[in-house]
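Summary of the model geometry
In case you want the letters, here they are:
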Amino acid sequence: MTTEPIEDALTFRAAFFDERHETAFRLFNGFTEGNPVLVIDLYGRTLVIHNYADKPEQGFASLREAQRFLLERLPWIQAVVVKTRNSQDPQQKRGSVVYGETADRKILENGVWYAIDPMINRDASLYLDTRNVRLWASQHLKDKSVLNTFAYTGSLGVAAQAGGAARVVHLELNRRFLNVAKTSYTLNGFPINKSDFQAGDFWPQINRLKAADERFDCVFLDPPIYSATARGVVDLAQSYTRLINKVRPLIKHGGYLVAINNALFFSGAAYLKEIESVCADGYLTIEEFIPVPADFIGEPNGPLAAPVTDPTPFNHSTKIVVLKVRRKG
């Protein structure tokens, strides 16, 4: 491959670099910037290179050239992690360190520390496409109560806590992911109330909160594209309305529901139609769309810029809506 697309990507993102090399952002989006085999993220002083080639070996040359080029251009890089999306080996999907010894374990974003574990999962434990949601949370939820469903490593709830939320409850199936959230709390000096970090299946957890007559000023709903347990199925392209209706009773009058749908093959128009449908009774209204940051999308470069499915009126397949809640009576 030629390194010109990556050179252009560095120029496009020049303003995202910080002097202390502590932040995180998408450095190169090959799907829009000229090489669909590669996606490259920066977490502090660690490069995370995603090999998206259908046959992993087809991406090796591009990967090696990108690594060589970036280590020359960014000599302060201390580690490189490679994740092979279509590997048969689960460990290769989660990633391995191919340069340096230890990947970064925290990053700083808008004055907030987030713990990361770059090889905990197929992603790198902190979703870069929801940075603007974290900013919104830090600016809108002071003194509010927050429920962070499908919390993963808790970043949305951490942002709410940093913004002065009165209480944040994290719900997540995997306790190991919640432990990363607790580390973020420690990094920021937030007190840890163990009862607010709840590991378990979404469906019975929500039922339990309803039975306890819990109410929150804001609920984050950021589920995986698809998952199935013995208690229920999550399918963002087929049953997102069910998830919304499941959490609606937990939201106070005047509160917020932040609904995120990142299903790649579910168009923006289809998602908006679904949202408008649940708003038809007048008890939910669209407050705003939150865009995905420019670095995550990249600077369109030629025919590869066309998305798989048109996200309009959203700017990316990660489609984010803030809904305002009105309760009867």
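The structure under discussion appears in the preceding block.
Fair warning: this is a prediction, and the values are worked out from it, not measured in the lab.

The helix and strand inventory of the chain stands at eleven helices and 16 strands. Taking 329 residues into account, the globule formula puts the C-alpha radius of gyration at 20 Å, and the chain, at 20 Å, falls close to it. When the backbone C-alpha atoms are referred to their principal axes, the chain occupies close to 65 × 40 × 40 Å. Per-residue burial for the chain yields a buried fraction of 54% across its 329 residues. Contacts in the chain between residues far apart in sequence, at least 24 positions, make up 65% of those at least 6 positions apart.

So, about the sheet that holds strand β3 (residues 46–51). A sheet is described by the order of its strands in space; here five strands give the open sequence β1-β2-β3-β4-β5, paired in mixed fashion. The strands lining the two open edges of the sheet, one partner per strand, are β1 (24–29) and β5 (96–99). In this sheet, neighbouring strand axes are inclined to one another by 25 degrees on average, regardless of whether the strands run parallel or antiparallel. Bridge count for strand β2 (residues 38–43) against β3 is six bridges, and the pairing is antiparallel. Within β3, the residue paired with Ile 40 across the bridge is Ile 49. Of the strands in this sheet, β1 and β2 touch helix α1 (residues 4–12), which is tilted by about 145 degrees from β1.

A word on the nonpolar core. Ranked by internal contacts, the top residues of the largest apolar core, which has 39 residues, are Tyr 43, Trp 136, Leu 141, Phe 220 and Val 258. In terms of residue count, helix α6 (residues 155–162) provides more of this core than any other element does, four residues in total. Not counting residues up to four positions away in its chain, the partners in contact with Val 258 are Val 133, Trp 136, Cys 218, Val 219, Phe 220, Leu 221, Ile 320, Val 321 and Val 322. By size, the runner-up hydrophobic cluster in this structure holds 32 residues, among which are Phe 202, Leu 209, Leu 221 and Val 234.

Reading guide: rules and limits
- Residues numbered from 1 in each chain as written.
- Predicted model: local features only at pLDDT ≥ 70, side-chain atom pairs only at ≥ 80, totals over all residues.
- Heavy atoms only, no water.
- Helix = DSSP H or I, 4+ residues; strand = E, 2+ residues; numbered from the N terminus.
- Rg over C-alpha atoms; globule rule 2.2 N^0.38 Å.
- Buried < 20%, exposed > 50% of the residue type's maximum accessible area, 1.4 Å probe, protein only.
- Contact = heavy atoms within 4.5 Å.
- Pairing = 2+ DSSP bridges.
- Axes fitted to C-alpha atoms, helices over the stretch in contact; angles between N-to-C directions.
- Core = buried A, V, L, I, M, F, W, Y, C linked by side-chain atoms within 4.5 Å.

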